[in-house]
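Per-entry structural report
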Amino acid sequence: MTNFLNDPLMEEQFAKIKGLIYKYPKRVLVELNNICPIYCEFCTRKRKTFLKKKWQLNKKELKDILIFLGENKEIREVVISGGDPLMSPKELIFLLKKMERLENIKVIRIHTRMPITAPEKISNDIFDFLNDCKKNIYLSIHCNLAQEISDESVEVLKRFRRAGVILYSQSVFLKGINDSVEELEKLFEKLLELGVRPYYIYRCDPVIGAEKFVVPFEKEKEIMTELRKRISGLAYPTYVIDAPMGCGKIPVPLNFWKNDKSFFDFNNKLIEIGE
Ligand code: SF4
């Protein structure tokens with residue numbers, strides 16, 4: 001029986017200084033704010049995003065993070081999340097500008113749902129910065145359904161691409177919303193068509209209040225197995241469980257292999273490969 005928790009990924013346990021989580025080797029997570037244009041009931045960080053009191057990191061806290069990054073040379077990748085980091089453009093641009101100068105930081109990722117939920121609220125200043133940025137910026141877009149992608153979303157995705165940003169997506173399995181082969185086929189093919197590489201689809205995190213969204217595990221595996229037969233590899237994300245207790249993103253095996261000597265092909269024919 002799954003335990004539903006406030007902080008299922010145990011992020012707080014890995015917090016080093018305010019706003020900085022250091023869980024995996026060589027990469028850190030920066031939580032820039034707890035502000036978001038919408039409030040998803042299945043949000044992993046609802047312990048923060050659902051708080052009435054809103055905050056974003058102040059100058060001193062951002063500087064502390066930059067000092068930490070500069071001193072810990074093994075860190076090469078920074079993921080900026082929130083809340084939604086695009087809701088704090090001034091703070092985001094300050095951080096990006098300074099990180100641009102840090103030799104050890106090679107990869108910068110911004111995790112956002114705003115191109116889908118509130119494309120009109122994305123500040124022009126962000127595009128101005130990105131147009132001149134000397135480092136590659138990766139933008140991870142949280143999107144769960146093709147119908148979420150409006151004409152405004154499409155336009156804003158084009159603007160990011162024109163600014164040289166590399167786009168990829170993350171999605172969450174949600175019961176009654178996208179738990180079918182047809183819905184996910186539409187979603188991933190649409191994203192790929194728009195220049196967004198589907199990256200991960202997660203099993204819904206066991207966060208308190210998200211119980212009703214959790215899809216039976218076997219059903220998810222069946223959907224992802226069937227989907228693998230229908231769409232191109234480029235449109236197909238890795239299906240993972242962000243394992244409870246902070247154990248990491250564990251890929252889920254699909255239903256192709258019967259054992260290590262036989263598998264079902266795309267036509268469900270059993271193939272033996274022998275010794
Ligand atoms: S958009 Fe993301 S950060 Fe905001 S509430 Fe939804 S899941 Fe949480």
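What this report covers is the structure whose coordinates are included nearby. (Residues numbered from 1 in each chain as written. Predicted model: local features only at pLDDT ≥ 70, side-chain atom pairs only at ≥ 80, totals over all residues. Heavy atoms only, no water.)

Brief notes about the nonpolar core
In this structure, L69, I80, L96, M99, F160 and L184 are the most contacted members of the largest nonpolar core, which totals 64 residues. For this core, the element with the highest residue contribution is helix α3 (residues 89-100), accounting for six residues. If we ignore the near neighbours within four places in the chain, the residues touching L96 are I80, I108, I110, F129 and I137. Ranked by size, the runner-up nonpolar core spans ten residues in total, among them C43, L174, V207 and A210. (Core = buried A, V, L, I, M, F, W, Y, C linked by side-chain atoms within 4.5 Å. Buried < 20%, exposed > 50% of the residue type's maximum accessible area, 1.4 Å probe, protein only. Helix = DSSP H or I, 4+ residues; strand = E, 2+ residues; numbered from the N terminus. Contact = heavy atoms within 4.5 Å.)

Overview of the site of the ligand
Inspection of the region around the ligand gives C36, I38, Y39, C40, C43, G83, R113 and H142 as its neighbouring residues. Counted by class, the shell around the ligand contains five nonpolar, two polar and one charged residues. (Near = heavy atom within 4 Å. Nonpolar A, V, L, I, M, F, W, Y, C, P; charged D, E, K, R; others polar.)

Regarding unusual backbone geometry
The linkage connecting G82 with the following residue, G83, adopts the cis geometry, with an omega of 15 degrees. The residue G83 is located in the loop between β4 (77-81) and α3 in this model. A positive phi is found at K26, a non-glycine position, where the angle reads about 75 degrees. In this fold, K26 is placed in the loop between β2 (20-24) and β3 (27-31). For K26, a relative accessible area of 47% translates into the label partly exposed. Look at N268: it is not a glycine, yet its phi comes out positive at around 65 degrees. As for its placement among the helices and strands, N268 is situated in the loop between β12 (262-264) and β13 (270-272). Residue N268 is classed as exposed on the basis of its relative accessible area, which comes to 53%.

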